[in-house]
Amino acid sequence: MTRVLDGNAIGDRIREDLRGCVETLADADVRPGLATVLISEDPASATYVSMKQDACEDLGIESFHHELDTDAPAQRLYDRIDELNDDPSVHGILVQMPVPDHVDDRTVLERVAPEKDVDGFHPENVGRLVAGNARYKPATPHGIQKLLAAADVDTEGKDAVVVGRSDIVGKPMANLLIQKDEGGNATVTVCHSRTKDLSEKTRGADVLIAAAGVPEMIDGSMLSEGVAVVDVGVNRVDADTEKGYELVGDVEFESAREKASVITPVPGGVGPMTITMLLYNTVKAASRRSGVEVDLP
Ligand code: NDP
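Please read these numbers as outputs of a predicted model, since none were measured by experiment. (Residues numbered from 1 in each chain as written. Predicted model: local features only at pLDDT ≥ 70, side-chain atom pairs only at ≥ 80, totals over all residues. Heavy atoms only, no water.)

Considerations on the packing of aromatic side chains
Okay, step 1: For the structure shown, the criterion picks out zero aromatic pairs.
Okay, step 2: The ring of Tyr-245 has Arg-236 lying over it, and the distance from NZ or CZ to the ring centre is 4.0 Å. (Phe/Tyr/Trp six-rings, centres within 6.5 Å; stacked < 30°, edge-to-face > 60°. Lys NZ or Arg CZ within 6 Å of the ring centre and 35° of its normal.)

Okay, here's the thing in structure tokens:
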């Protein structure tokens, strides 16, 4: 029997535990605060930001939203980040990516104070993650670790294959999987667009993380019996629906499901976990700054 993981249900359980942490902080007069900064007219970016704000509100985390015109000078964005860095009511700062071309995304990532970088993308935080001393684990790969744990998939000693090497998913995922830590201790192969014979690699996987952004590129014929499949991809493809499209993952669900012991659907798998783990990092940031200890899930 293949187990289809429900990211909404698993995420909700973690959010309930986080609610308890927020209450512990409130007892000490600390209210976690997350600042979101949007400099984009892309409707998808605006949707992601408003989902994050709603999730904060639901949990009792204060959310501060800052919107800049897309053609605003880069310096205005950097100044805004500086203000947020100095604002004691803000524990986490999230600049929604991508930023317009005239803004240097590396400068943005480095401008956010590492203690408030709840995305975990500042080079200092990346370094800490690689060194096995993470301050904030990036939300998507951390959420995947939680999903696997909820499904009792032990990664220790397993062959894990990560398809994709981006800074936000593939690389941090691989780094977490090789750590000498819970949810790690795997033997990791990282694949990308230059990998030769991808199927040979994916067939060797006990745990497969697909994060390439290519609709349904991995099907059942590329998998071995009993594999745990985590599909990170979110791809819009034309479809005869009201919206004219549907969302599919990087994995061809039906054929993969026949091989997998565990599989995540798209939507409803990794996506809800990403926002949950951003909330987790914001609560952690507030706890660290205030010195009020909380029992993080
Ligand atoms: P990127 O485009 O930044 O990276 C994609 C990676 O996949 C690259 O490393 C690329 O290789 C590799 N790749 C592309 N095509 C192939 C191929 N044919 N074979 C092997 N490797 C390939 O994407 P992201 O990491 O940002 O996102 C990946 C997917 O995950 C997207 O669909 C995105 O929407 C989704 N996503 C979902 C999230 C969620 O919460 N559910 C969160 C973040 C992302 P190379 O480096 O050589 O170009």
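Description of the site of the ligand
Okay, step 1: With respect to spatial proximity, 21 residues lie near the ligand, and among them Arg-165, Ser-166, Ser-193, Val-234 and Thr-274 are the closest.
Okay, step 2: The separation between an oxygen atom of the ligand and a polar side-chain atom of Arg-165 is 2.7 Å.
Okay, step 3: Measuring from an oxygen atom of the ligand, one finds a backbone N or O atom of Val-232 at 3.5 Å.
Okay, step 4: Relative to its unbound accessible surface of 930 Å², the ligand loses 68% to contact with the protein.
Okay, step 5: No other element matches the three residues that helix 10 (residues 270-290) contributes to the shell around the ligand. (Near = heavy atom within 4 Å. Polar contact = N/O pair within 3.5 Å; in protein donor to acceptor, adjacent residues only side chain to side chain. Areas by Shrake-Rupley, 256 points an atom, 1.4 Å probe, with all protein chains shown as cover. Helix = DSSP H or I, 4+ residues; strand = E, 2+ residues; numbered from the N terminus.)

Here's the deal with the pairing of strand 10 (residues 245-248)
Okay, step 1: Bridge count for strand 9 (residues 235-238) against strand 10 is four bridges, and the pairing is antiparallel. Bridge assignment links Asn-235 to a residue of strand 10, and that residue is Val-248.
Okay, step 2: Hairpin remark: strand 9 followed by strand 10, antiparallel, with six residues in the connecting loop; positive phi at Gly-244, about 90°. (Pairing = 2+ DSSP bridges.)

So, the sheet that holds strand 3 (residues 62-67)
Okay, step 1: Ordered by their spatial adjacency, three strands build an open sheet running 3-2-4, and the pairing between neighbours is parallel. Each of the sheet's edge strands pairs with one partner strand only, and the pair in question is strand 3 and strand 4 (92-95). Each neighbouring strand pair of the sheet contributes to a mean axis angle of 15°, computed without reference to strand direction.
Okay, step 2: Where strand 2 (residues 33-38) and strand 4 come together, four bridges link them in parallel fashion. Note on strand 4: the bridge partner recorded for Leu-34 is Gly-92. (Axes fitted to C-alpha atoms, helices over the stretch in contact; angles between N-to-C directions.)

Quick notes on unusual backbone geometry
Okay, step 1: At the junction of Met-97 and Pro-98, the peptide bond is cis and its omega measures out at 0° in the coordinates.
Okay, step 2: Structurally, the position occupied by Pro-98 is in the loop between strand 4 and helix 4 (105-111).
Okay, step 3: In this structure, the amide linkage connecting Val-266 to the following residue, Pro-267, adopts the cis form with an omega of -5°.
Okay, step 4: By secondary structure assignment, the location of Pro-267 is in the loop between strand 11 (262-263) and helix 10.
Okay, step 5: Located in the positive-phi region is Asp-29, a residue other than glycine, with phi close to 60°.
Okay, step 6: Within the secondary structure layout, Asp-29 lies in the loop between helix 1 (7-27) and strand 2.
Okay, step 7: At Asp-152, a position not held by glycine, the phi torsion is positive, near 60°.
Okay, step 8: Here Asp-152 lies in the loop between helix 6 (139-150) and strand 5 (159-163).

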